[in-house]
Amino acid sequence: MLGLSPRAPFSVGRRAPTASLEARVLLLLAALLPACAGPGDDTADPLAGLVLVQEDPSDAPFRDLSAEWMERFDLGDVAFEAPFRSSQGLGPAYIRSSCASCHADDARGPGMVTKMVVLDDPEAESELLPWGNTERPYVAGGATTPLVRPDDPRVEISTRAPPAVFGRGYLEAIDEAEVRALASSQAEAGRVSGRVNEVVCNFEANDESLFPTCSTGATVMGRFGLKARVPTLDGFAADAYQGDMSITSPMRPDELANPDGLLDDDRAGVDIDLETVNVTGDYMRLLDIPPREPLEEEGAALFADLGCADCHTPSLRTRADWPVPQLAGIDAPIYSDLLLHDMGEGFSDGLSDGGALPSEWRTSPLIGLRHLRYYLHDGRADSVDAAIVAHGGAGSEALFSADLYAHASPADRETLLRYVESL
Ligand code: HEC
Ligand code: HEC
């Protein structure tokens, strides 16, 4: 009924129109929970099954959602929490077995992704890293060789910390014309110079989505990921299922190249169906920004005066025709311009992504920072203050702003920090 037979793709979709949602969620959980101890699952997930019953302000949907949207949110919640196992398509090499094991409570961590790069001898990269730049330390589905850093001093490591996924529906709903206009006005004003990451849509078609999707091969505006390399949330879901969990889907049907040379795993063909990708995307689309206390005006003024608002644009307009009414035609308070900025040499890890250069990063949306424990793309800062100070490295577009912050009075710095931490 849930599509869990060996050949049909795993599904959380609408396979059982007569069963209540609750019954379906329970069935699905019953099918998924043994996965914690399943073969090939080396990352026993202590969160499995807990999150459905817990009420945490960082993982709440929009209030007053219609029953239809709420149903999709709940289905997506299950998919996001579910640890996958070999029989469901986990493997060959993978990083973790569930979305939530890296985005616990829809925030940042505890899971990280490790990238490998050959800085001193770029010519040798294809020979040293024949399966790409990402470490995948666990194996399942018949694989025996994890994909880890080769024992060669030329290969260096760079860590990527997951951004939160809450509030990401706002980012997706923003009118592309707004972002492009902002890039032009930044270029005119000349203080910062953000640019759109123009990326190629590298997904197979998603013709079941309720949201605008990209056409395979088209050049489109990137929004998601630390370097804004993915245009949509269904796309990010398919990318993460494949790249982090080695779970293939119709949007990403191929197993990734792996040291064992396996072309498939314990579940023949694609591992999940399009509906599972879409409810996972819809779950993230319907997660609200964690509730904010009324913001202090003095803090907002400092945020602008110190140059933060140049890049962390307090709000951008969403499309009036957006399918979720709570997100349509509003000023979305995301505190990002969705643009790439050059943050200087100290932020370069030698890796490009789409059109983004090694030192270019998307302005982090300042959303729910009080739910995060560490900051910046590699988690190098353990406080908001340290994150701001790090903006001031040589060659950084944000150097002027970090300088203004450094020269502000201690009282003003405190007011600014209180403001940023309350976003
Ligand atoms: C191994 C840890 C890990 C797993 C598992 C994982 N993620 Fe992530 N996620 C990350 C990291 C790291 C990034 C940043 C990647 C980048 O941009 O290079 C990220 C980024 C994201 C983003 C972009 C957010 C933004 O601000 O643009 C979304 C959306 C997302 N993940 C969703 C998912 C979903 C859905 C799943 C499950 C299908 C998942 N992730 C599984 C680590 C993980
Ligand atoms: C030139 C554009 C620019 C300016 C100006 C700027 N930032 Fe940023 N900010 C960024 C970028 C890009 C990142 C992401 C860097 C990374 O992930 O390594 C970022 C990241 C951050 C983070 C970390 C968020 C997280 O999720 O880890 C904080 C906090 C932050 N900025 C606050 C500020 C404050 C406060 C100011 C003003 C004093 C400011 N920024 C000025 C571009 C800017």
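Since we're looking at a predicted model, the values are computed, not measured. (Residues numbered from 1 in each chain as written. Chains lettered and ligands numbered in written order. Predicted model: local features only at pLDDT ≥ 70, side-chain atom pairs only at ≥ 80, totals over all residues. Heavy atoms only, no water.)

Undergrad: Help me out: how do you make sense of the overall build of the protein chain in this one?
TA: The helix and strand tally for the protein chain stands at 12 helices and 10 strands. For the protein chain, the proportion of contacts with a sequence separation of at least 24, taken over those separated by at least 6, is 70%. (Helix = DSSP H or I, 4+ residues; strand = E, 2+ residues; numbered from the N terminus. Contact = heavy atoms within 4.5 Å.)

Undergrad: Got a minute to help me understand the coordination of the iron atom of ligand 1 in this structure?
TA: Four donors placed tetrahedrally about a metal ideally form angles of 109.5 degrees, and six donors placed octahedrally ideally form angles of 90 or 180 degrees. Protein coordination of the iron atom of ligand 1 is limited to a single donor, His-103 (NE2), which sits 2.1 Å from the metal. Mapped onto the fold, His-103 is located in the loop between strand 1 (93-94) and strand 2 (113-118). (Donors = N, O, S within 2.8 Å, 3.2 Å for Na, K, Ca; no water.)

Undergrad: Looking at this structure, how should I read helix 8 (residues 297-305)?
TA: Residue pairs three or four apart in sequence face the same way in an α-helix, which turns once every 3.6 residues. Of all the positions in helix 8, only Gly-299, Leu-302 and Phe-303 are classed as buried. Seen along its axis, helix 8 keeps its buried residues to an arc of 105 degrees; they face one direction. Every exposed residue of helix 8 that faces more than 90 degrees away from the buried side is listed here: Glu-297 and Asp-305. Just downstream of helix 8, Gly-307 is the residue with a positive phi angle, here 90 degrees. (Buried < 20%, exposed > 50% of the residue type's maximum accessible area, 1.4 Å probe, protein only. Arc of directions from axis to C-beta.)

Undergrad: Explain the state of the cysteines here, please?
TA: Disulfide: a covalent bond connecting the sulfur atoms of a pair of cysteines. According to the stated counting rule, one finds 1 disulfide in the structure shown. Residue pairing for Cys-201: its cysteine sulfur links by disulfide to Cys-214, the two sulfurs lying 2.0 Å apart. Note on the Cys-201 and Cys-214 pair: the S-S dihedral is about 65 degrees, so by sign convention the disulfide is right-handed. Of this pair, Cys-201 sits in the loop between strand 5 (198-200) and strand 6 (219-221) while Cys-214 sits in the loop between strand 5 and strand 6, placing them 13 residues apart in sequence. On the basis of relative accessible area, Cys-201 is assigned to the buried category, the value being 1%. (Disulfide = S-S within 2.5 Å.)

Undergrad: Is there a simple way to think about the site of ligand 1 in this case?
TA: Surveying the vicinity of ligand 1 reveals 28 residues, the closest of which are Cys-99, Cys-102, His-103, Gly-225 and Leu-226. Interatomic distance of 3.5 Å between a side-chain N/O atom of Arg-160 and an oxygen atom of ligand 1. Side-chain polar atom of Asp-244 to a nitrogen atom of ligand 1: 3.1 Å apart, as the coordinates give it. Within the residue set of the shell around ligand 1, elements represented by two or more residues are helix 6 (233-245) and helix 7 (274-285). Looking at the shell around ligand 1 element by element, the count peaks at 6 residues for helix 6. (Near = heavy atom within 4 Å. Polar contact = N/O pair within 3.5 Å; in protein donor to acceptor, adjacent residues only side chain to side chain.)

Undergrad: Where do I start with the confidence of the model for the protein chain in this structure?
TA: Detailed reading of the predicted model is not advised wherever pLDDT is low. For the protein chain, the average pLDDT comes to 90, and 87% of its residues sit at 70 or higher. Here residues 1-10 is a poorly scored stretch, pLDDT under 50, and it has 35 contacts once near neighbours within four places are set aside; other chains count. Segment residues 13-43: pLDDT under 50, and 63 contacts once partners within four positions in sequence are set aside and those in other chains are kept. (pLDDT = per-residue confidence, 0-100.)

Undergrad: What exactly am I supposed to notice about the layout of surface pockets here?
TA: In this approach the atoms are scanned with a rolling probe the size of a water molecule, which exposes any empty space left behind. Space inside the second largest pocket adds up to approximately 250 Å³. Along the wall of the second largest pocket there are 14 residues; nearest its centre are Glu-176, Pro-212, Arg-223, Pro-231 and Thr-232. When the residues that make up the lining of the second largest pocket are grouped by side-chain class, the tally is 7 nonpolar, 2 polar and 5 charged. (1 Å grid on protein atoms, 1.4 Å probe; cavity = no way out; pocket = protein on both sides within 12 Å on 5 of 7 lines; lining within 4 Å. Points joined across faces, edges and corners; volume = space filled by probe spheres on them. Nonpolar A, V, L, I, M, F, W, Y, C, P; charged D, E, K, R; others polar.)

Undergrad: Looking at this model, I keep getting lost on the site of ligand 2. Mind explaining?
TA: If you check the shell around ligand 2, you find 26 residues, and the closest are Cys-308, Cys-311, His-312, His-377 and His-391. Within the side chain of His-312, a nitrogen or oxygen atom sits 2.9 Å from a nitrogen atom of ligand 2. Within the backbone of Leu-376, a nitrogen or oxygen atom sits 2.7 Å from an oxygen atom of ligand 2. Assessed atom by atom at 2 Å from the grid points, ligand 2 resides in the largest cavity. Contributions of two or more residues to the shell around ligand 2 are made by helix 9 (308-311), strand 10 (360-362) and helix 10 (384-390). Residues belonging to the shell around ligand 2 are distributed by class as follows: 15 nonpolar, 8 polar and 3 charged. (Sits in = over half its atoms within 2 Å of the grid points.)

Undergrad: Explain the coordination of the iron atom of ligand 2 here, please?
TA: The iron atom of ligand 2 binds to the protein through His-312 (NE2) and His-391 (NE2), with metal-donor distances spanning 2.1 Å. Geometry at the iron atom of ligand 2 is octahedral, judged from the 6 donor atoms that bind it and their angles of 87 to 179 degrees at the metal. Highlighted residues: His-312 in the loop between helix 9 and strand 7 (316-317) and His-391 in the loop between helix 10 and helix 11 (399-407), separated in sequence by 79 residues. For His-312, a relative accessible area of 12% puts it in the buried group. (Tetrahedral: all angles 85-135°; square planar, octahedral: opposite > 155°, others 65-115°.)

Undergrad: I tried to follow the environment of Thr-134 on my own but got confused; where do I start?
TA: Its location among the elements puts Thr-134 in the loop between helix 3 (125-128) and strand 3 (138-139). Look at Thr-134 and you get buried, because its relative accessible area is 11%. Along the chain, Thr-134 and Thr-159 lie 25 residues apart, while their C-alpha atoms are 10.0 Å from each other. Setting aside residues up to four positions removed in sequence, Thr-134 forms contacts with Ile-95, Val-113, Thr-114, Lys-115, Met-116 and Leu-147. A polar contact is formed between the side chain of Thr-134 and the side chain of Lys-115, at a distance of 3.0 Å.

Undergrad: I'm lost on the pairing of strand 2 in this one. Help?
TA: In regular strands, side chains alternate between the two faces of the sheet. Taking burial as the measure, the 6 residues of strand 2 include 5 buried ones, the bulk of the element. As paired strands, strand 2 and strand 4 (residues 155-160) are joined by 6 bridges and run antiparallel to one another. Across the sheet, the residue bridging to Lys-115 is Ser-158, located in strand 4. (Pairing = 2+ DSSP bridges.)

Undergrad: So what exactly am I meant to see when it comes to unusual backbone geometry here?
TA: Most of the time, phi is negative for any residue but glycine, and the peptide bond is trans. Residue Pro-92 follows Gly-91 across a cis peptide bond; omega there is 10 degrees. Relative to the assigned elements, Pro-92 resides in the loop between helix 2 (67-81) and strand 1. The omega torsion of the bond from Gly-109 to Pro-110 falls at 10 degrees, within 30 degrees of zero and hence cis. By the secondary structure assignment, Pro-110 is in the loop between strand 1 and strand 2. The backbone of Asp-105 shows a phi angle near 55 degrees, a positive value even though the residue is not glycine. Tracing the chain through its elements places Asp-105 in the loop between strand 1 and strand 2. Phi is positive for Leu-338, close to 60 degrees, though the residue is something other than glycine. By the secondary structure assignment, Leu-338 is in the loop between strand 8 (331-332) and strand 9 (340-342). Assessed through its relative accessible area of 1%, Leu-338 is described here as buried.

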